[in-house]
Amino acid sequence: MLVLVGLSVLTFIITRVAPGDPAALWMGPRASAAQIARATVELGLNRPLPVQYGIYMWDLVHGNLGVSIETHQPVLNNIAAYLPASLELVTSGMLIALVLGLPLGVLAAMRPGGAFDTLARLAAVLSVSVPTFWLAFLLQIVFFKDLGLLPLAGRVSELVTVLEPVRHITGFMTVDSMLEGNWTAFWSALQHLVLPALTIASYPFGLILRMVRASLLDVISLDHVRLLRALGQKRHTIAFRYALKNALPATLTVLSLTFAYSLTGTFLVESVFNWPGLGNYTAQAVVTNDYPAVMGVTLVIGVIYVVLNLVVDLVIAGIDPRVRYV
Amino acid sequence: MRWRRLAAVLLAGLGLVGLSACGSAGGQAQPKAEAAVADYASYTQVMVFWDPSDSYSNEIIAMPQMYETLLRYDPQTDKFIPVLATSYEKSQDGLTWTFHLRHNVHFHDGSLMTSANVKASIERTMQRGNGAAYIWDAVKSIATPDKYTVVFHLSTPSPIDFAAASPYAAWIFNTAPLKQHGQNWFAKGHEDGTGPYELQSWSNGQPLVLKAFKDYWGGWKGSHYTKLVFQTIQSSSTRAQMLESGQLTFTDFLPFQEIQSLKSDKNLKVVVTPSWQNLMAFFNTKKKPLDNVLVRQALSEAFPYQEVDQDVMHGYATQSRGPVPLGLWGHDPSLKQYHYNLSQAKALLQQAGIKPNTLNLTLTYTAGDDNESNAAALYKASLAQIGVNLTVKPMPWVAQWNLAKATNPAQRQDIFMMYWWPDYANPYSFLFNLFHTEKTVNFNLAYYYNSGFDKLIDQANIDSGVNRSEAVKLYDQAQTMLVQDAPAIFVFDEEHVRVIPKQMHGYYDNPAYTNVVFWYDVTPN
């Protein structure tokens, strides 16, 4: 709670001292001085800053994040629309990264210095160093333009939007279309998810591979693992069943931080793939000094960080019997 | 065994991804298309203002599909097309305007449109005072002698036909839902107009989808688009690729390099039309030495007009003649232009007593606009040749504007570069907003206060409500005064360059309605 209050104060101060005129943004680019002056009063911007902050916090505890200066819609509604889209994208990307990175990291650690290990490390370095927007463009050119296999951008095709729209239940297009039995929309959503998810997956894939490999190399050299080898256990059994558990805590911690960061840090990917996510919304809010939106997103992401850290701590406690919370 | 299970899950996942790639033709799962769908992608947010009284932003591209005005202006013929009004007349003194409404027009909720709705719409817009509500400033009262007649009584003559055809502040809508649901009903994402298309779906982050209004007064004979999709796609590369692949029907803006790459596509065509958007650079006439007309004329002679038109705008612009753009009535094709002439510029500076390398100026422009950036860079290089040092400063629009309105005039910029386009088809929209004396700084960013000029354009505006040719004479005189006083560099009149599918027929880029496609008039095939 203290973290969130501190965050709210800091963000409020930064957004309010940054140059810009929210009232002018609210009224549109051609508003007259009189219209802007009127909007300044209507938005409460003429009040002292501590009063404005107090009003904002009072509204916040009543579930009101204010109205976006840019979109003219309640910030809560905006976030409720964009956050699930980002969650769907980032979750898919993280799953791909985990499913590929984890076993490859283990396999690389099983024979350090070998050909597979070298290739895996090269793949990891490439995947963390390639600019994501460049990768996004490359995937579009190859899979859309040249091969015609996957769509260019968006969450579903326009025809599905128009003729067989999916009702918003969870906000995850793939899940909602399945729940409705709308299989045309489901396949369209899945196809549209592939390229942006692969792009998002590239950085955490390299991170996970390297972290798992490094952690396993430390664990594999320990006595209890050598004992297992001496008892005749197979290498892959030792790696996946025994040693991996020791490597997971650090990996999960980094993964959770990367996940939370990606919710807003992937605005370039969202822009290239026209994915209506929180990253794009936040970037636009920052550029236009849409302070209610900036504050709303900051607080929501702050809550997500706190919740994710808690979840990871609990998972680690489940995996590692040495960890016990009082 | 566990790792085998893990491998099996991995393979199943990859298989699912692979299957998804093997969808129907074109790599996409598609429902059977029973509708002709037009897909319009804008580079910025589509629905900013949902309220038709307040509308003053990019929602202009969607509003004319859901709402209608009394008239529509056609610059090609310089005539008004009847829309919700079938005819109109004005009194000889220009103080009474009578509009006769079309019969049997329905709102999207099914109710009949009458003169009471027209009166309620415009009065609400006037009362709220947002957006371009000022276009109705001359209206004293609105009478409705019968169900299909609306009479505007004015305090001073004013061209009410142009106001009634404006893309802002002139929409006719049903006010009944506001009484039931509150004044914020529109703002929450609702509409109730008479337009050919009605709202099908919209929510935050989702495209705006409109469907054909089956009871539209114009009927649906012939070939029409039956669904419209408006979405925001910020990446110009994505918009260009979608145009190329046929997934997009129209986009409002593409950079020149994308246009060049699409020119050779056999399924697309490039349409070039004059717009009413122009670029100007305003001198701070209240700051020394820019308060000296000789200095302003010198700086006007040092601007590389042709280089900017050809190299920055790729030939899709022409040097302006004064502030009223080509194609808008009131534009004077014989108005004097300054020409790039460095020796003349040097001579004028010398005459003004300015020694070389002593004059330092700051020019501000809107950050992110490549054309302004390049034009400013060329101007800087040109001024350097005559010993004038120009600092070029890109700024976010709101910050740029705030600096120009700084309470301490010494803090303000020397030259302010910006575009302008009219709220409605009236030269007064340029001349009043940009050069009329202001008590509080708004858009007269040359701080040009000339009572003689003010009198000319104010009288011209009154005359335009009675006798347009008299108004044109006064506007000519006012513009001649402006060019002589040189409070701004009139850089260029821009052209709109659109890339559209070859099979799209009936599209006309009307400069009075910037970026608007009247989809009802466009034939899909």
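Everything quoted here is computed from the prediction, not taken from an experiment.

### Quick look at the overall build of chain A
(1) Moving on: Helices and strands together make up the secondary structure of chain A, namely 15 helices and zero strands.
(2) Moving on: In terms of its C-alpha atoms, chain A occupies a principal-axis envelope of roughly 85 × 55 × 35 Å.
(3) Moving on: Looking at the 326 residues of chain A, the share that counts as buried comes to 47%.
(4) Moving on: In chain A, the share of contacts with a sequence separation of at least 24, taken over all contacts with a separation of at least 6, comes to 70%.

### Examining the overall build of chain B
(1) Moving on: Each helix and strand in chain B was counted, giving 15 helices and 17 strands.
(2) Moving on: Relative to the compact-globule value of 24 Å for 525 residues, chain B shows a C-alpha radius of gyration of 26 Å, a close match.
(3) Moving on: Judged by the C-alpha coordinates and their principal axes, chain B covers about 85 × 75 × 45 Å.
(4) Moving on: Within the span of chain B, comprising 525 residues, buried residues form 46% of the whole.
(5) Moving on: For chain B, the share of sequence-separated contacts (at least 6 apart) that also reach a separation of at least 24 residues comes to 68%.

### Quick word on unusual backbone geometry
All names here are of chain B.
(1) Moving on: Omega for the bond connecting Lys288 with Pro289 falls within 30 degrees of zero, at -10 degrees, which places this linkage in the cis form.
(2) Moving on: Positive phi, normally seen in glycine, also occurs at Asp78, with a value near 55 degrees.
(3) Moving on: Relative to the assigned elements, Asp78 resides in the loop between strand 2 (71-74) and strand 3 (79-82).
(4) Moving on: Even without a glycine there, the phi angle at Ala169 is positive, about 65 degrees.

### Focus: the confidence of the model for chain A
(1) Moving on: Averaged over all residues, the pLDDT of chain A is 86; the fraction at 70 or higher stands at 96%.
(2) Moving on: Mean pLDDT across the elements of chain A bottoms out in helix 11 (residues 223-230) of chain A (73) and peaks in helix 9 (residues 173-180) of chain A (95).

### Structural notes on the interface of chain B and chain A
(1) Moving on: Contacts between the two partners involve 51 residues from chain B and, on the opposite side, 52 residues from chain A.
(2) Moving on: With eight residues, the top contributor of residues to the side of chain B that touches chain A is helix 1 (residues 2-21) of chain B.
(3) Moving on: For the side of chain B that touches chain A, the per-class residue count stands at 24 nonpolar, 24 polar and three charged.

### So, the packing of helix 14 (residues 451-463) of chain B against helix 15 (residues 468-485) of chain B
To characterise two packed helices, one gives the angle between the axes of the helices and the distance between these axes.
All names here are of chain B.
(1) Moving on: It is the contact of helix 14 with helix 15, at a shortest axis distance of 8 Å, that shows an interaxial angle of 160 degrees. Judged by the angle between their axes, helix 14 and helix 15 are roughly antiparallel. Crossing hand, helix 14 versus helix 15: left-handed. In this structure, helix 14 contributes Gly452, Phe453, Leu456, Ile457, Gln459, Ala460 and Asp463 to the contact, and helix 15 contributes Glu470, Ala471, Leu474, Tyr475, Gln477, Ala478, Met481 and Leu482.

### Focus on the sheet that holds strand 10 (residues 227-232) of chain B
All names here are of chain B.
(1) Moving on: Reading across from one edge, 8-9-10-1-11 is the order of the five strands in this open sheet, with mixed pairing throughout. Among the strands making up the open sheet, the edge pair consists of strand 8 (197-201) and strand 11 (250-251).
(2) Moving on: Taken together, the six bridges between strand 1 (residues 37-42) and strand 10 define a ladder with parallel strand orientation. Note on strand 10: the bridge partner recorded for Ser42 is Thr232.

### Overview of the pairing of strand 5 (residues 96-101) of chain B
All names here are of chain B.
(1) Moving on: Only one face of strand 5 is buried: it carries Trp97, Phe99 and Leu101, and the other face, with Thr96, Thr98 and His100, is open.
(2) Moving on: Pairing of strand 4 (residues 85-90) with strand 5 involves five bridges; the strand directions are antiparallel. Across the sheet, the residue bridging to Ser87 is His100, located in strand 5.
(3) Moving on: Connecting strand 4 to the next strand, strand 5, in antiparallel fashion are five residues, including Gly94 with a positive phi near 75 degrees.
(4) Moving on: Alignment of strand 5 against strand 7 (residues 149-154), held across five bridges, turns out to be antiparallel. Opposite Thr98, over in strand 7, you have Val151 as the bridge partner.

### So, the sheet that holds strand 16 (residues 415-420) of chain B
Residues and elements named next belong to chain B.
(1) Moving on: Taken in spatial order, the six strands of this open sheet run 13-17-12-16-14-15, and their pairing is mixed. Looking along the sheet, the strands with just one partner apiece sit at the ends: strand 13 (317-319) and strand 15 (388-395). In this sheet, adjacent strand axes meet at a mean angle of 25 degrees when their direction is disregarded.
(2) Moving on: Across the sheet, helix 9 (residues 305-312) lies against strand 13 and strand 17 (488-501), angled at about 180 degrees from strand 13, the strand it touches most.

### Regarding the domain arrangement of chain B
Interface size is often expressed as the accessible area that is lost when the parts come together.
Residues and elements named next belong to chain B.
(1) Moving on: On domain assignment, one finds that chain B holds domain 1 (33-267 + 502-525) and domain 2 (276-495).
(2) Moving on: Here domain 1 and domain 2 have C-alpha centroids that lie 32 Å from each other.
(3) Moving on: Residue-level contacts link 21 residues of domain 1 with 15 residues of domain 2.
(4) Moving on: When residues of the side of domain 1 that touches domain 2 are assigned to their parent elements, the largest contribution, three residues, is made by helix 4 (residues 160-164).
(5) Moving on: Considering only residue class, the side of domain 1 that touches domain 2 consists of 14 nonpolar, five polar and two charged.

### Observations regarding the domain arrangement of chain A
(1) Moving on: Per the domain assignment, the segments making up chain A are domain 1 (2-61) and domain 2 (78-286).
(2) Moving on: Relative to domain 2 of chain A, the C-alpha centre of domain 1 of chain A lies at a distance of 37 Å.

### What to know about the environment of Pro501 of chain B
All names here are of chain B.
(1) Moving on: You can see Pro501 is positioned in strand 17.
(2) Moving on: You can call Pro501 partly exposed: it has 19 C-beta atoms within 10 Å.
(3) Moving on: Setting aside residues up to four positions removed in sequence, Pro501 forms contacts with Thr249, Asn267 and Leu268.

### A closer look at helix 6 (residues 236-245) of chain B
(1) Moving on: Along helix 6 of chain B, the residues classified as buried are Thr238, Arg239, Ala240, Gln241, Met242 and Leu243 of chain B.
(2) Moving on: Downstream of helix 6 of chain B by a residue or two, Gly246 of chain B has a phi angle that is positive, lying close to 85 degrees.

### Things to note about the environment of Ala85 of chain B
All names here are of chain B.
(1) Moving on: With respect to the helices, strands and loops of the structure, Ala85 is situated in strand 4.
(2) Moving on: Note: C-alpha distance between Ala85 and Gln503 (418 residues apart in sequence) is 32 Å.
(3) Moving on: Beyond its immediate chain neighbours, meaning those up to four positions away, Ala85 contacts Leu70, Leu71, Phe99, His100, Leu101 and Arg102.

### Some details on the environment of His224 of chain B
Residue and element names in this part refer to chain B.
(1) Moving on: Among the structural elements, His224 can be located in the loop between strand 9 (208-212) and strand 10.
(2) Moving on: Considered as a pair, His224 and Val272 are 48 residues apart in the sequence and their alpha carbons are 24 Å apart.
(3) Moving on: With near-sequence residues (within four places) excluded, His224 lies in contact with Ala212 and Tyr520.

### Examining helix 3 (residues 33-42) of chain A
All names here are of chain A.
(1) Moving on: Residues of helix 3 that are buried: Gln35, Ile36 and Ala39. Along the long axis of helix 3, the arc covered by the buried residues comes to 95 degrees, so they all point the same way. Exposed residues pointing more than 90 degrees away from the buried face of helix 3 are listed as Ala34 and Val41.
(2) Moving on: Tucked inside the fold, the buried residues of helix 3 contact helix 2 (22-27).

The rules we used
Residues numbered from 1 in each chain as written. Chains lettered and ligands numbered in written order. Predicted model: local features only at pLDDT ≥ 70, side-chain atom pairs only at ≥ 80, totals over all residues. Helix = DSSP H or I, 4+ residues; strand = E, 2+ residues; numbered from the N terminus. Buried ≥ 20, exposed ≤ 12 C-beta atoms within 10 Å, placed from the backbone. Contact = placed C-beta atoms within 7 Å. Rg over C-alpha atoms; globule rule 2.2 N^0.38 Å. pLDDT = per-residue confidence, 0-100. Nonpolar A, V, L, I, M, F, W, Y, C, P; charged D, E, K, R; others polar. Axes fitted to C-alpha atoms, helices over the stretch in contact; angles between N-to-C directions. Parallel < 35°, antiparallel > 145°, perpendicular 65-115°, else oblique. Left-handed = near helix turned anticlockwise from the far one by under 90°. Pairing = 2+ DSSP bridges. Domains from an automatic or database assignment. Arc of directions from axis to C-beta.

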